[in-house]
Structures are given as structure tokens and as C-alpha cells.
Number of protein chains: 2
Amino acid sequence: MNCREQLERDLAAIEAFLQTAVPDGDPLYREVAEAMRYSLLAGGKRIRALFVLECCAALGGRREEALPLAAAIEMVHAYSLIHDDLPCMDDDDLRRGKPSCHKVYGEATALLAGDALLTFAFETAAGAPLPEELRLRAVAALARAAGYRGMIGGQVIDLAYENRPMEPEVLATLHRLKTGALLSVSAQLGAIAAGAGEDSQCALGDFAEDVGLAFQIADDILDAVGDEAKLGKPIGSDAEQGKTTFVTLYGVEASREQVRACTDRALCKLQRAVPGEQGGCLAHLCQSLVDRES
Amino acid sequence: MNCREQLERDLAAIEAFLQTAVPDGDPLYREVAEAMRYSLLAGGKRIRALFVLECCAALGGRREEALPLAAAIEMVHAYSLIHDDLPCMDDDDLRRGKPSCHKVYGEATALLAGDALLTFAFETAAGAPLPEELRLRAVAALARAAGYRGMIGGQVIDLAYENRPMEPEVLATLHRLKTGALLSVSAQLGAIAAGAGEDSQCALGDFAEDVGLAFQIADDILDAVGDEAKLGKPIGSDAEQGKTTFVTLYGVEASREQVRACTDRALCKLQRAVPGEQGGCLAHLCQSLVDRES
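Keep in mind it's a predicted model, so treat the numbers as computed, not measured. (Residues numbered from 1 in each chain as written. Chains lettered and ligands numbered in written order. Predicted model: local features only at pLDDT ≥ 70, side-chain atom pairs only at ≥ 80, totals over all residues. Heavy atoms only, no water.)

Some thoughts on the overall build of chain A
Definition in use: Helix and strand labels come from DSSP, where a helix needs a run of H or I of at least four residues and a strand needs a run of E of at least two; each type is numbered from the N terminus. Within these notes, the globule rule equals 2.2 Å times the number of residues to the 0.38 power, and the radius of gyration is based on C-alpha atoms. Any pair of residues with heavy atoms lying within 4.5 Å of one another is described as a contacting pair. Values of accessible area rely on a 1.4 Å probe in the Shrake-Rupley scheme; residue burial ignores everything except the protein chains shown. As used throughout, the charge tally considers Lys and Arg to be positive and Asp and Glu to be negative, leaving His and the chain termini uncounted. Charge positions are represented by NZ for Lys, CZ for Arg, CG for Asp and CD for Glu.
Counting its secondary structure elements, chain A contains 14 helices and 2 strands. For 294 residues, the compact-globule estimate of 2.2 N^0.38 gives 19 Å, and the C-alpha radius of gyration of chain A, at 19 Å, lies within 12% of that figure. When its C-alpha atoms are laid out on the principal axes, chain A stretches across 50 × 50 × 35 Å. Contacts in chain A between residues at least 24 apart in sequence constitute 70% of all its contacts with a sequence separation of at least 6. Just so you have it, chain A exposes about 11700 Å², and 49% of that area is on carbon and sulfur atoms. Computed over 29 positive and 45 negative side-chain charges, the separation of the two mean positions in chain A equals 2 Å.

Listed below in C-alpha cells is the structure:
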């Protein structure tokens with residue numbers, strides 16, 4: 001099986017797991033369970049979950065054992081999107097071409113569905129079929145990355161700079177927290193599921209943080225000069241909204257150079273963390289993320 | 001030291017712990033840390049934290065070791081109040097006589113501060129200075145109780161029945177989830193911190209669930225016939241809003257009888273769970289909650 005096929009198989013396993021991950025519970029609160037599933041099962045690239053599975057495999061673990069942790073990170077990601085879309089935040093009516101959660105279920109239920117997905121992520125990680133020590137490490141890493149010194153901190157910075165230009169260091173911190181923290185912890189969860197030591201956990205987390213940065217800069221470039229037909233959305237929205245991006249700060253060419261440098265650094269870290277051929281599919285995943293056209 | 005003095009000492013220890021529990025982190029996201037502290041340190045009875053400490057002590061544990069878990073449950077409680085007060089939920093401008101979080105920090109920051117407190121509760125529990133197995137049990141119990149099959153489920157029911165009468169069974173489920181789940185898990189966290197077995201954890205959780213119900217019915221009675229001066233708020237708001245309560249369903253006298261029955265049942269369970277004198281302060285705490293005038 002080549003890497004593309006492996007990643008497709010991963011994706012199918014992830015979707016299958018997520019399908020049954022959120023049980024209804026009591027009919028009295030079924031609506032919130034429905035809202036949770038609506039957002040959790042709305043598709044997306046499942047990048048974070050793929051990182052969990054492939055990092056686990058790269059360190060010699062079994063992908064199936066990493067599935068609950070992969071589901072947990074997707075729950076955290078889905079919650080963050082639900083809350084991001086609320087009127088008091090970005091006020092987005094659409095998410096991946098479908099009405100956002102609060103447009104379908106109302107604001108109150110959407111707020112609670114987000115809260116519930118976040119909470120259920122911890123329940124899922126704590127209940128994973130792994131040794132207790134590993135489950136605890138997973139919960140601790142997830143909480144740290146999703147918290148105010150991680151992903152939420154990134155959202156706070158994003159809000160604070162909504163209408164003013166960002167210094168380069170601020171933009172770097174923003175991306176490290178908003179995208180990097182969750183991608184980094186995805187890789188760490190994979191290492192944990194494989195039963196790897198904390199040194200391997202850190203090394204893979206470090207690798208994924210660089211991938212996250214490359215991914216984010218690639219995103220900025222696509223928004224500036226991407227192919228609207230392939231992207232499925234209009235380009236130029238960042239510039240229109242006066243948003244600071246790598247492209248507005250450094251221009252397209254220098255940004256492309258940064259993507260390359262960042263990717264090289266990431267792949268180099270990967271090779272040190274995972275000797276031999278075992279990191280092949282991770283390297284493939286990383287390349288596909290930065291080379292993408294949509 | 002008598003029980004009243006012991007509980008006062010507990011309260012001081014809890015407040016002192018909470019004061020420094022949420023560090024600033026990077027100045028770039030200091031605002032959300034401030035908003036978290038604003039709500040976490042806004043006072044309140046700290047009933048849940050007291051249950052953690054006293055259940056730990058009743059089972060022979062050291063109260064100091066239970067403090068991080070007590071802080072975690074107060075973080076969950078504070079987050080739920082912040083989100084409850086948001087305009088899309090209860091739209092309350094005041095909380096304990098002070099402007100609610102979103103009135104001070106804006107809706108977006110308040111939303112994120114709630115998210116961050118919930119996440120930080122898990123970080124705090126996972127990092128408690130207890131054996132790994134106990135920390136994992138604490139996280140799992142907390143996630144279950146705070147999730148959509150616990151506290152959030154209660155809020156969903158509350159919303160669904162906002163403008164229509166509630167059947168008695170629905171009201172019972174509502175209280176079991178909305179108040180009971182968090183009080184029950186507080187007692188369970190105390191048992192966990194004491195290193196008690198799962199049987200003791202369940203028994204104390206069961207006891208606290210009954211206390212929660214008695215507390216809630218007492219609340220309904222106070223809203224109907226309490227002393228406005230002592231309560232510090234007008235009475236009759238439940239009836240005015242057409243809310244279903246134990247008083248609207250059964251009347252004041254039958255509700256008082258239910259408080260007594262519930263309390264007796266709770267104290268009986270306590271005695272079975274904690275033999276001898278060790279549960280004295282827990283019984284005192286339980287009585288003070290149901291006999292209160294405000």
C-alpha cells in the first residue's frame with residue numbers, strides 16, 4: 001500500500017469512528033447530541049486526526065489504538081469552529097458550504113454543543129483503551145494545547161488585532177498558537193498512543209508545529225493568488241479585510257520561500273525523530289498539506 | 001475546631017488557591033486570563049469545592065491534596081455561569097451583584113474565557129499532585145459530569161422548556177443533571193483525592209446527588225416565600241416567568257416535606273459511606289445548605 005492509499009484508509013477509519021462517537025443519551029437532550037454530530041461529521045480534511053494516526057504508526061504503534069485520541073482532537077477542532085462562527089465572534093453563516101451550527105440549531109444550542117464537544121473530547125481521551133499513564137499524558141497535553149496558553153490564546157490575539165496591523169512577531173505567535181498548538185498536540189497524541197517516551201512526543205510535536213506554520217503561510221498565499229475555481233471561494237478576502245498575513249508582510253515570493261524553509265526544517269526534524277523509512281507517510285502528508293491548491 | 005470553623009478554614013484555603021490558580025501567560029492574551037479570574041474570583045458559596053475537601057477528609061484524606069480538584073470544579077462552575085449569562089442564553093447583566101463577564105469584557109472574550117476555564121479545569125485536574133491513576137479517574141468523572149449527559153444536558157432541558165410547563169419527571173431529570181451532576185462529582189473528586197475505592201466514590205457521589213436535589217427544592221421554596229432582605233433579590237421571579245418548580249408542582253408544604261425526606265435520605269447514605277464521626281462536618285455542610293435563608 002502506498003502512502004496515498006494509506007492516508008485514504010486512515011480517513012475512512014476516522015470517519016467511521018466519528019460516526020458513532022457521540023451517542024444520543026436521554027431523548028430530553030437529544031438536540032444537543034444532534035448539533036454535536038452535525039458539526040463533528042461535517043467533513044473537512046481531518047488533518048489533525050491523520051497526524052495522530054500517522055505519528056502513532058511512525059513510532060511503531062497501531063493506528064486503531066490511536067483512533068479515540070484522533071477523535072478527541074477532531075472534537076476540539078469542531079468545537080472551536082462552532083464557537084468561532086457564532087455572531088459574537090466571526091458571525092459566519094456558512095461552514096464548508098453548509099449552514100453553520102447556530103444557523104441550524106440556534107445560538108444557545110450551538111454554544112452548548114461546542115461546550116459539550118470540548119468536554120466530550122476529554123471524556124473520550126480519558127476513556128481511550130490505553131494504559132492509564134498514557135491516557136493521563138494525552139489529557140494533559142490536549143488541555144494545555146487547547147487552552148488559553150494555546151489555541152484559545154491564538155483566538156484572543158486574532159480578536160485583539162481585528163482592526164489594526166500586526167507586528168511580525170505577533171503574527172508568528174498567533175499562528176503558533178491558533179494552528180500550531182493543535183497540530184503539535186495531534187502529533188504528540190500519536191506518539192503517546194504508540195507508547196513512546198516524552199522525548200519522542202516532544203520531537204514529533206516540534207515537527208508538527210513547523211508543518212502548521214508552513215500550512216498557514218501556504219493558506220495566506222492561496223488567499224492572495226490561488227485559483228478561485230479550485231479553492232471554491234473568492235480570493236483576496238484577507239487583503240480586503242485589512243488582515244495582516246505573511247503575504248501582506250513579506251510578499252508572495254518571500255512567503256513561498258518561507259513555506260519551503262519551514263517544510264525543509266519540519267522534514268529534517270521528522271527524520272531525526274523517526275529514523276529510516278517509518279516516517280514516509282508522515283512526510284507525504286506534510287508535503288501534500290503545503291503543496292495543496294485548495 | 002468545630003465544623004463551622006473547619007468550613008471557614010476550608011473556604012479560606014480554597015480562595016487562596018484560586019487566587020493564584022490562573023497565571024497570566026503571554027501579555028498578548030492577558031485579557032482572557034483577566035476575564036477568567038474576574039469570574040472565578042467573584043465569590044460565591046464554593047459549595048462544590050467544600051464538598052471536595054470535606055469528602056476527602058471524611059475518607060481520611062488530606063484536604064490540601066484535594067485543593068487542585070476543588071479548584072477544577074469551581075472553574076467548571078464559573079465557566080457555566082459565564083456562558084449562561086451570555087445574551088444568547090439567559091442574557092443576564094448581573095452576577096452576584098457585579099456586572100457579568102460579558103458586560104465587562106465583551107461577548108467574544110467572555111465566550112473564550114468560559115471555554116478557557118473549562119479547558120483549564122482539565123489541565124488543573126490532570127496536573128494535581130496525586131498518583132496518575134487517581135488523576136485519570138478525576139478527569140474522567142469530571143468530564144462525564146460536566147458533559148452533555150450531565151450538566152450541559154440539564155441546560156439543554158432548561159432551554160427546551162423555557163416557555164412550556166414541565167412534567168414532574170422532566171423537572172427531576174433537570175435538577176439531577178443541572179445541579180446534581182456537578183455536586184455529585186465534587187463529592188466523588190474528594191473521594192478520589194483521598195485515594196478511596198470506586199465503591200466509596202459512588203456512595204459519596206450518590207449522597208451528594210440527594211443533597212443537590214434538596215438544595216434545589218430549598219431554592220425553589222426561597223424564591224416563592226423567602227425573605228427578600230436576606231436573599232438580596234426579589235422573590236416570586238420563578239412564578240412570574242412561568243417556570244415549573246417543585247413549588248408550582250407540589251406547593252410549599254409538600255416541597256418542604258420533600259426537602260426533609262431528601263436530606264434524611266442523604267444523611268443516611270452518608271452514614272453508610274462514612275462510618276463513625278468522620279462525616280460530621282459533611283453532615284453539617286449538608287444541613288446548612290438546606291436550612292439556609294439566602
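Side note on the interface of chain B and chain A
Stated precisely, the cut-off is as follows: Joining two parts hides part of their accessible area as seen by a 1.4 Å probe, and the buried area is that hidden amount summed over both. The working definition used for a salt bridge is a side-chain nitrogen of Lys or Arg within 4 Å of a carboxyl oxygen of Asp or Glu. Any pair of nitrogen or oxygen atoms within 3.5 Å is treated as a polar contact; in protein, a donor-acceptor pairing is required on top of that, and neighbouring residues in sequence qualify only through side-chain atoms on both sides.
At the interface, 49 residues of chain B touch 49 residues of chain A. Here chain B and chain A share an interface that buries about 4300 Å² over both sides, 77% of which is from carbon and sulfur atoms. Run the count over chain B and chain A and you get 4 salt bridges. Close ionic contact of B:Glu123 with A:Arg144 constitutes a salt bridge, the shortest N to O distance being 3.7 Å. Linking chain B with chain A are 6 residue pairs in polar contact (both at pLDDT 80 or more).

Structural notes on the environment of B:Glu15
Residue and element names in this part refer to chain B. We apply this condition: Think of it in three bands: residues with accessible area under 20% of the maximum for their type are buried, residues over 50% are exposed, and the middle band is partly exposed, with areas taken using a 1.4 Å probe on protein chains only.
Relative to the assigned elements, Glu 15 resides in helix 1 (residues 3-19). A relative accessible area of 22% places Glu 15 in the partly exposed class. A distance of 2.6 Å separates the side chain of Glu 15 from the side chain of Arg 46, its partner in a polar contact.

Details of the nonpolar core
Definition in use: Residues belong to a common nonpolar core when they are buried Ala, Val, Leu, Ile, Met, Phe, Trp, Tyr or Cys residues joined through side-chain atoms within 4.5 Å.
With 208 residues, the main nonpolar core has A:Phe51 and B:Phe51 as its most contacted residues. Among residues more than four places away in sequence, those in contact with A:Phe51 are A:Leu183, A:Ser186, A:Ala187, A:Phe207, A:Ala208, A:Val211, A:Leu282, A:Leu285 and A:Leu289.

A word on the pattern of salt bridges
A complete count under the given rule lists 44 salt bridges over all chains for this structure. Through salt bridges with shared partners, one network takes in A:Asp206, A:Asp210, A:Arg265 and A:Lys269.

Things to note about the relation of the copies chain B and chain A
Copy one and copy two of the chain differ by a rotation about an axis and a translation along that axis. The condition that has to hold: Superposition of the copies used a least-squares fit over C-alpha atoms from residues whose pLDDT is at least 70 in both.
Mapping chain B onto chain A calls for a rotation angle of 180° and an axial translation of 0.0 Å; the resulting RMSD is 0.0 Å. Here the two chains are linked by the operation of a two-fold rotation axis. For chain B, the smallest separation between a C-alpha atom and the rotation axis is recorded for B:Leu136, amounting to 2.8 Å. A shared interface surface links the copies, since 100% of the contact residues of chain B are contact residues in chain A too.

Structural notes on the side chain of B:Arg48
Residues and elements named next belong to chain B. Of note, Arg 48 is situated in helix 3 (residues 47-58). This buried residue, Arg 48, is left without a salt bridge; Glu 74 holds the nearest opposite charge, at 5.1 Å. A polar contact of 3.4 Å, which involves the side chain of Arg 48, links it to the side chain of His 77. Those residues in contact with Arg 48 that lie beyond four places of it in its chain are Ile 73, Glu 74, His 77, Leu 182, Leu 183 and Ser 186.

A look at the environment of B:Val252
Residue and element names in this part refer to chain B. Relative to the assigned elements, Val 252 resides in helix 14 (residues 252-273). A C-alpha to C-alpha distance of 21 Å links Val 252 and Ala 266, two positions 14 residues apart in sequence. Dropping the residues within four chain positions of it, Val 252 is found in contact with Ile 221, Val 225 and Val 247.

So, the packing of aromatic side chains
Heads up, the rule is: Two rings from Phe, Tyr or Trp (for Trp, the six-membered ring) form a pair when their centres sit within 6.5 Å of each other. Planes less than 30 degrees apart are called stacked, planes more than 60 degrees apart edge-to-face, and all others tilted. Placement of a charge over a ring requires the Lys NZ or Arg CZ to be within 6 Å of the ring centre, with the centre-to-atom vector within 35 degrees of the ring normal.
Under the definition given, this model contains 11 aromatic pairs over all chains. With a centroid separation of 6.2 Å and an interplanar angle of 90°, the aromatic rings of A:Tyr29 and B:Tyr148 are classed as edge-to-face. Of this pair, A:Tyr29 sits in the loop between helix 1 (3-19) and helix 2 (30-40) while B:Tyr148 sits in the loop between helix 7 (132-146) and helix 8 (151-160), on two different chains. Its guanidinium or amino end placed over the ring of A:Tyr38, A:Lys98 lies 4.5 Å from that ring's centre, counting from NZ or CZ. Over the face of the ring belonging to B:Tyr161 we find B:Arg164, whose NZ or CZ atom lies 4.1 Å from the ring centre.

Some words on helix 2 of chain A
Residues three or four positions apart in an α-helix share a direction because the helix packs 3.6 residues into each turn. When you tally the buried positions in helix 2 of chain A, you get 8 out of 11 residues, the bulk of the element. All buried positions along helix 2 of chain A are accounted for by A:Val32, A:Ala33, A:Ala35, A:Met36, A:Arg37, A:Tyr38, A:Ser39 and A:Leu40. Of the surrounding elements, those touching the buried residues of helix 2 of chain A are helix 1, helix 4 (63-85), strand 2 (98-99), helix 5 (101-105) and helix 6 (107-126) of chain A together with helix 8 of chain B.

Remarks on the packing of helix 4 (residues 63-85) of chain B against helix 6 (residues 107-126) of chain B
All names here are of chain B. Under the convention used in this document: In this description, a line fitted to the C-alpha atoms serves as the axis of each element, helices being fitted only across the stretch in contact, and the angle between N-to-C directions of two axes falls anywhere from 0 to 180 degrees. Orientation is classified from the angle alone, with under 35 degrees giving roughly parallel, over 145 giving roughly antiparallel, 65 to 115 giving roughly perpendicular, and any other angle giving oblique. Note: crossing handedness is left-handed where the near helix turns anticlockwise from the far helix by less than a right angle, and right-handed where it turns clockwise. Polarity classes work like this: nonpolar for Ala, Val, Leu, Ile, Met, Phe, Trp, Tyr, Cys and Pro, charged for Asp, Glu, Lys and Arg, and polar for all others, with Gly in that last group.
Where helix 4 contacts helix 6, the two axes come as close as 8 Å, and the packing angle between them is 160°. Judged by the inter-axis angle, helix 4 sits roughly antiparallel to helix 6. Crossing geometry of helix 4 relative to helix 6 is assigned as left-handed. Every residue of helix 6 that contacts helix 4 at Pro 68, Leu 69, Ala 72, Met 75, Val 76, Ala 78, Tyr 79, Ile 82 and His 83 is listed here: Ala 110, Leu 111, Ala 113, Gly 114, Asp 115, Leu 117, Leu 118, Phe 120, Ala 121, Thr 124 and Ala 125. Partitioned by chemical class, the residues of the contact of helix 4 with helix 6 number 16 nonpolar, 3 polar and 1 charged.

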